[in-house]
Amino acid sequence: MSRWSLQAVEKIAPDAASLAAGRKLATPGPWSETGSTEALVWGKCQGSGKTPYQVSIDLNGPAYRCSCPSRKFPCKHAIALLLLWVRGDGSVADVAEGADFAREWAQTRAERAAASAARPAKEVDPAARAKRVEDRLARMDAGLEDFGLWLTDLVRAGTVAAKRHPYAWWDGVAARLVDAQLPGLAEQVRDLASEIHRRDDWADHLLGRLGLWWTATRAWQRRAELDERTLADLRVCLGWATATEDVRTADAVPGRWQVLGAHRSDDGRLQQQRTWLREVESGEIVVVLDFAAGANPLPAARLVGSVLDTTVARYPGSWPRRALFATEPALAGTDATLPAGTSLRAALDVRAATWAENPWAARVPVLLADAVLSSTHLHDATGAAVPLLPAESPWTLIALTGSRPTTVFGELEETGFRPLAVGPAS
Amino acid sequence: MTETLDTWWRDLGGAALVGTARRTVPAVPEPLVARSDAPAETALLDGAALGHALRRAGAEPALDLPIPDAAPDDERPPAPSRARQLLDLLLTQTPVGPGLTGRAVTVWLEEAGAAGFRVPHESLVPLLTAATADRGLRTAARAVLDRRGHWLAGANPAWAWVAEQGTEAGTDLADPADWALLATDERARQIRLLRTTDPDAGRALVESAWSNDPAPARTALLAALGTGISPADEPLLERALDDRAGGVRETAQNLLDGLPTSARARRLGALLAPLVSTSGLLKKKVHVELPADPDAAAVRDGLGKALRGRSQRGLWLERLAAGAPLETWTTATGLDPAAVVAGLDDADALRGLVTAAVERADPVWAAALSDRFWDPQLLGCLPVDQRVARVRRRIEQAKSLAEITGAAAVVPGPWPEELSRAVLQRLGKVEWTAYQLADVTFVLATGLPPSAAPAIRKLAESAEAKPSDPLYRLAQYLTLVPTIRESFR
């Protein structure tokens, strides 16, 4: 396998501190017994202790192991080793056979993966489970009833009055929603509280949010009539998670999945990573979500442009479906180019159709053809334009495209577009 | 329909702002339908849900925005992939530490420029960001940004420096009329720039504002004439000797020390010559008498009052030695410069001689004087090959790190082999701390050849340095430079 790019290594770092620590260690000095094969990179790193840490990296996962006690994953030693490896200056040389400790680990990993695939799903007590669900439903019923009343009170008194409330008042509302096991709504209320103090068009934005929440409240009242998909969408909006074991065993599709783009965000409370995948044959697009709270690291990011041989299991709900990796992905390629895109108007139609199915959808993945990026907008060949979402800097993608028409992959949200990857300039 | 919908949404928003207790909720426009029996709050929330869904689903793209101009085609090929990796490495996770990164990036940029390559597109943003923070990178960066880079920088105000061609090179001289309005520091800077290409025009500018400028400005602008000074500047300097302000007079005296053919030099030479004589059996001792009280003309030439604690006549002697033609000494004693310096014992006279030799960049006197004194400025007047031997002697006796690098810095890098060897040997014999070392790695990095890397690494090992120690960084840097060069071939 060819060596990764430097950016690829940077992306797998769980956070900036680990990357910085890795960079410090990425000098040949503390390393010994390093080497790499097609699938493995390994080395020993002299730390403060007597025995050096053993670091092994399986490039196919990628997966990491290190004998250090760090809870960061991958740890600074693994990052440093990869940084040395990508440099390709001979400090981590290619050899035919892996070192013993690395080979053993790779073998155990393979055995364990095989074992877990063979192991039957955990037994659950159906009665206890039903009881738990019933309790939760009762609490959610009461919570949404309260929330509905809060909404009507709010519009009776007027939203100007609501804007005068301090953040703590909104936070109190959110806390009650968390108690009622409605964390998804709670999150949206907290977001809104900061939005209305930040935005000029806060009144319009608030009215729209009220409409969406009202829809959710009313839909919950009639949940017996909802089809399975809409109910699943509503559950996501309210924050009732689907257990991963349930997903893993249900709707799984094997295939070759191309990583279209990825996005990481950190709002101080929660880090989120979205990875958009597209099945090479069918063209289906799914999103894999990873979360990490506080200082815990996110799982390693997938490289954009790579193709993964894996089975993904899809969560219930409407398009775009959330998915998880049901089997350990195997890297089948690294240089896939973006598939063909559409016009911006067609993308807006897709967005509208998505909302028609799921009014609570936050964003849709879109591939745009012959799109031109400027510092503030994305333009398509017909002259239609959509503003870029302000949080991220578009300059790197602008430098890559030179504002020439290219295929652009990104996320279309209510207020704008977030470019995540670009194809070669035409 | 859109218009009706907009009006309705506005009215609905109005009702929401003040509350349904005070404002009626507007009826849903045809052909939309709403629950007829709903209370006002419910009707408003229903309306909000419906209206929001309609408005966002029907949102139209903007159509009248200008599409940005695409970047023009680059003229150069992108740097080879090995070089790209190295630049990426330097810009994102430098192995040589913050002190030497700018230097290493500059090497990369200059090599790329010389080999006819451009910066790859993916490195443009990190490079522009780095050069925005570090001005030293800008000139070299500009040359290899190519069309894409210039185009990109033109779109982002933070990178406006890219288009400001030549501010560092000095071709952006202000109009004389505007020049007079600039801040004094900037006016002086512009004069210095102009003096490097057209000294007469620079002097003319200073003269044009001479009668209006206040004393501090006159002092600063006159000092700026030190760049590219020549006998043509003498009339203005003579005039400045009569200036009202002491600072201006003193600046003029100092500048005239650099003009041995000036009338002032002749005047001071005439005062100095009778004081110099030889004595001893072989007439090898050079004797100087202290000057008598100066007349008004001599005071005007710089024989003024000494500061407290300084010998008055000693100062006069120093000023005479600094201002008089150096030939005064050889003529009065019949000795050559080296013999004059060897036979002279008067500290004031010697100090004046050093000033004279430095100001006039006289290599013969500088050589003679630097055999007696260690003075980097004197060595600066010597051809490089003459510096090396003296610097080496100095280094062999150096007792501290600062002495070693201070001496070595007199020779511009890359150093000749004998000097590099001397520096490396001495580095192993003096003590230092990592902090002291961090301050001087730049000098070592510019001077030492790549082949010194193993020696530096050995030194670091014997000092049990940490991987982040400046010595390891330095070794990394020295290894990196030939790798960078190699990567463009």
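For the structure, check the block above.
Residues numbered from 1 in each chain as written. Chains lettered and ligands numbered in written order. Predicted model: local features only at pLDDT ≥ 70, side-chain atom pairs only at ≥ 80, totals over all residues. Heavy atoms only, no water.

## Section: the interface of chain A and chain B
Counted only if it meets this: What makes two residues a contact is simply this: any of their non-hydrogen atoms within 4.5 Å. The term buried area means the drop in 1.4 Å probe accessible area that two parts suffer when joined, counted for both and summed. Here, a salt bridge means any side-chain nitrogen of Lys or Arg that lies within 4 Å of a carboxyl oxygen of Asp or Glu. Under the rule applied, a polar contact is a pair of N or O atoms within 3.5 Å (in protein, one hydrogen donor and one hydrogen acceptor; residues adjacent in sequence only if both atoms are side-chain atoms). Every helix listed is a DSSP run of H or I at least four residues long, and every strand listed is a run of E at least two residues long, numbered separately from the N terminus. Charged means Asp, Glu, Lys or Arg here, nonpolar means Ala, Val, Leu, Ile, Met, Phe, Trp, Tyr, Cys or Pro, and polar covers whatever is left, Gly included.
Across the boundary between the two partners, chain A contributes 55 residues, which contact 55 residues of chain B. A combined buried area of about 4,600 Å² lies between chain A and chain B, and 59% of that area is made up of carbon and sulfur atoms. A salt bridge links E60 of chain B to R345 of chain A, with the nearest nitrogen and oxygen atoms 3.0 Å apart. Joining chain A to chain B, the criterion identifies 21 residue pairs in polar contact (both at pLDDT 80 or more). In terms of residue count, helix α9 (residues 202-221) of chain A provides more of the side of chain A that touches chain B than any other element does, 11 residues in total. Residue composition of the side of chain A that touches chain B, grouped by class: 27 nonpolar, 16 polar and 12 charged.

## Considering the pattern of salt bridges
Residue and element names in this part refer to chain B. Definition in use: Categorising residues by exposure relies on relative accessible area from a 1.4 Å probe, with only protein chains included: less than 20% of the type maximum marks a residue as buried, more than 50% marks it as exposed, and the intermediate range marks it as partly exposed.
Summed over all chains, the structure comprises 56 salt bridges over all chains. Across the salt bridge formed by D348 and R351, the nearest N and O atoms sit 3.9 Å from each other. One end of the pair is D348 and the other is R351, both in helix α18 (residues 347-360) and three residues apart, which spans about a single turn. The class for D348 is buried, based on a relative accessible area of 15%.

## Observations regarding the packing of aromatic side chains
Aromatic ring pairs are reported here in terms of the distance separating the ring centres and the angle at which the planes meet. Residue and element names in this part refer to chain A. How we decide: Only rings of Phe, Tyr and Trp enter the pairing, Trp through its six-membered ring, and a pair is recorded when the two centres are within 6.5 Å. The plane angle decides the type: under 30 degrees is stacked, over 60 is edge-to-face, the rest tilted.
Under the definition given, this model contains 10 aromatic pairs over all chains. Ring geometry for W150 versus W170: centroids 6.1 Å apart, planes at 85°, classification edge-to-face. Placement of W150 in helix α5 (residues 126-157) and of W170 in helix α7 (residues 167-179) is noted, with a sequence separation of 20 residues between them. Exposure remark for W150: the relative accessible area of 10% places this residue in the buried category.

## So, the sheet that holds strand β3 (residues 53-58) of chain A
Residue and element names in this part refer to chain A. Inclusion rule: For two strands to be treated as a pair, DSSP must find at least two bridges joining them. Angular values range over 0 to 180 degrees, each being the angle between N-to-C directions of two axes fitted as lines to C-alpha atoms, with helices fitted over their stretch in contact.
One open sheet holds the four strands; their spatial order is β1-β2-β3-β4, and the pairing between them is antiparallel. The outermost strands of the open sheet, each flanked by one partner alone, are β1 (31-36) and β4 (63-66). In this sheet, adjacent strand axes meet at a mean angle of 10° when their direction is disregarded. Against the sheet, helix α3 (residues 76-87) touches β1, β2 (40-45), β3 and β4, its axis set at about 65° to β3.

Keep in mind these values describe shape, not function.
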